[in-house]
Amino acid sequence: MIIVYSLGGSILAGRDSDSLRQYADALKVLSKEHQIYVVVGGGKIAREYIEKARALEASEVFCDQIGIGATKLNAMLLVAALGDAAPKEIPASYECAARLCASGRIVVMGGVSPGQTTDAVSALLAEYVQADRLIIATSVDGVYTADPEVDPSARKIARMTPKELVRMAMETEMKAGSRSPVDPLAAKIIERSSIPTAIVHGKDIENLKKGITGAHQGTEISSA
Ligand code: UTP
């Protein structure tokens, strides 16, 4: 199968080198059976640098470019952990990512263009390479009916349609909150191409595999 992972920056950057190697090893095992692409987020450095640049009155597009730089930095860290299993080049386009996958290597990329996040990049990459599954490995363990930090009655949604994901992502956009771990653009792309998607907690290495088989405790997005 062709698998695209969206890995939140916080999932990787907080790890020490041994733990990064374990993460990379798990991806290497999966790459023996599947073609793997990984899109890495910016995490804490992206947020810190963007905040400082904004305070210095940098334009929003420039802040996005700083964010893209952070995603590429995190992507390079994963490439370092993957060694020979990944090309050293961080592709700047979907075309380049697809070209680099030759000979079963794990292609790792970061952001591409301003005005979006790496969730959208991963959904667009999944479209481009006609992925069988998109696995969003993030800092929450799925989509909830309400913000669990605020509402004790919030429950995790095991399965939802892309249309429901879009509605939830749009609502989250309008009112600050943390119901949808996916941004509206990513949700729209998932909807328009009906990409089978899993949203799982990225801290647990086992979820990399469980996201493929569907045997995970997160949220499964599918139109069926
Ligand atoms: P992330 O994808 O990590 O953003 O990209 P995020 O969703 O805010 O991070 P998490 O998931 O909560 O950790 C970091 C920043 O890089 C810029 C955006 O400014 C984004 O907020 N970016 C990233 C782009 O402008 N374009 C891209 O293609 C990717």
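Above this text you will find the structure in question.
Cut-off values and rules
- Residues numbered from 1 in each chain as written.
- Predicted model: local features only at pLDDT ≥ 70, side-chain atom pairs only at ≥ 80, totals over all residues.
- Heavy atoms only, no water.
- Helix = DSSP H or I, 4+ residues; strand = E, 2+ residues; numbered from the N terminus.
- Contact = heavy atoms within 4.5 Å.
- Near = heavy atom within 4 Å.
- Polar contact = N/O pair within 3.5 Å; in protein donor to acceptor, adjacent residues only side chain to side chain.
- Nonpolar A, V, L, I, M, F, W, Y, C, P; charged D, E, K, R; others polar.
- Buried < 20%, exposed > 50% of the residue type's maximum accessible area, 1.4 Å probe, protein only.
- Pairing = 2+ DSSP bridges.
- Expected span 1.5 Å × (residues − 1).
- Arc of directions from axis to C-beta.

**Student:** I tried to follow the environment of Gly-142 on my own but got confused; where do I start?
**Tutor:** Topologically, Gly-142 is positioned in the loop between strand E4 (133-138) and strand E5 (143-144). With sequence-adjacent residues up to four places away left out, Gly-142 is seen in contact with Lys-156, Pro-181, Ile-199, Gly-218 and Thr-219.

**Student:** I would appreciate a short explanation of the site of the ligand in the present structure.
**Tutor:** Around the ligand lies a shell of 19 residues, among which Gly-42, Asp-64, Val-112, Ser-113 and Thr-118 are the nearest. At a separation of 2.6 Å, an oxygen atom of the ligand approaches a polar side-chain atom of Asp-64. Between the ligand and Thr-118, the relevant distance is 2.5 Å, taken from an oxygen atom to a side-chain nitrogen or oxygen of the residue. Of the residues that constitute the shell around the ligand, the class distribution is 6 nonpolar, 11 polar and 2 charged.

**Student:** Which parts of the structure should I look at to understand unusual backbone geometry?
**Tutor:** Among all residues except glycine, the phi angle is most often negative; among peptide bonds, the trans geometry is most common. Despite not being glycine, Glu-57 shows a phi value in the positive range, around 65°. The topology assignment puts Glu-57 in the loop between helix H3 (43-55) and helix H4 (60-82). Glu-57 sits in the exposed class, given a relative accessible area of 72%. With a phi close to 55°, Gln-130 is a non-glycine residue in the positive phi region.

**Student:** Can you walk me through the sheet that holds strand E2 (residues 35-40) in this structure?
**Tutor:** Think of a sheet as strands paired side by side through backbone hydrogen bonds, with each pair either parallel or antiparallel. If you trace the 7 strands from one edge of the open sheet to the other, you get E3-E2-E1-E4-E8-E9-E7, paired in mixed fashion. The outermost strands of the open sheet, each flanked by one partner alone, are strand E3 (107-109) and strand E7 (159-160). As judged from the 5 bridges shared by strand E1 (residues 2-7) and E4, these two strands associate in the parallel manner. Each bridged residue has a counterpart across the sheet, and for Ser-6 the counterpart in E4 is Ile-136.

**Student:** What should I look at first to understand helix H2 (residues 17-31) in this one?
**Tutor:** Structurally, the α-helix is built with 3.6 residues per turn, so residues lying three or four positions apart point the same way. The first and last C-alpha atoms of H2 sit 21 Å apart over 15 residues, in line with the 21 Å expected at 1.5 Å per residue. For H2, the full list of buried residues reads Ser-19, Leu-20, Tyr-23, Ala-24, Ala-26, Leu-27, Leu-30 and Ser-31. All buried residues of H2 fall inside an arc of 150° around its axis, so they share one side. Residues of H2 that are exposed and angled more than 90 degrees away from the buried face: Ser-17, Asp-18 and Val-29. Among the structural elements, E1, helix H1 (9-13), E2, H4 and helix H9 (206-213) are those in contact with the buried residues of H2. The residue sitting at the N-terminus of H2 and contributing the capping side-chain oxygen is Asp-16; that oxygen lies 3.3 Å from the backbone nitrogen of Asp-18.

No statement about biological role is implied by the geometric values presented.
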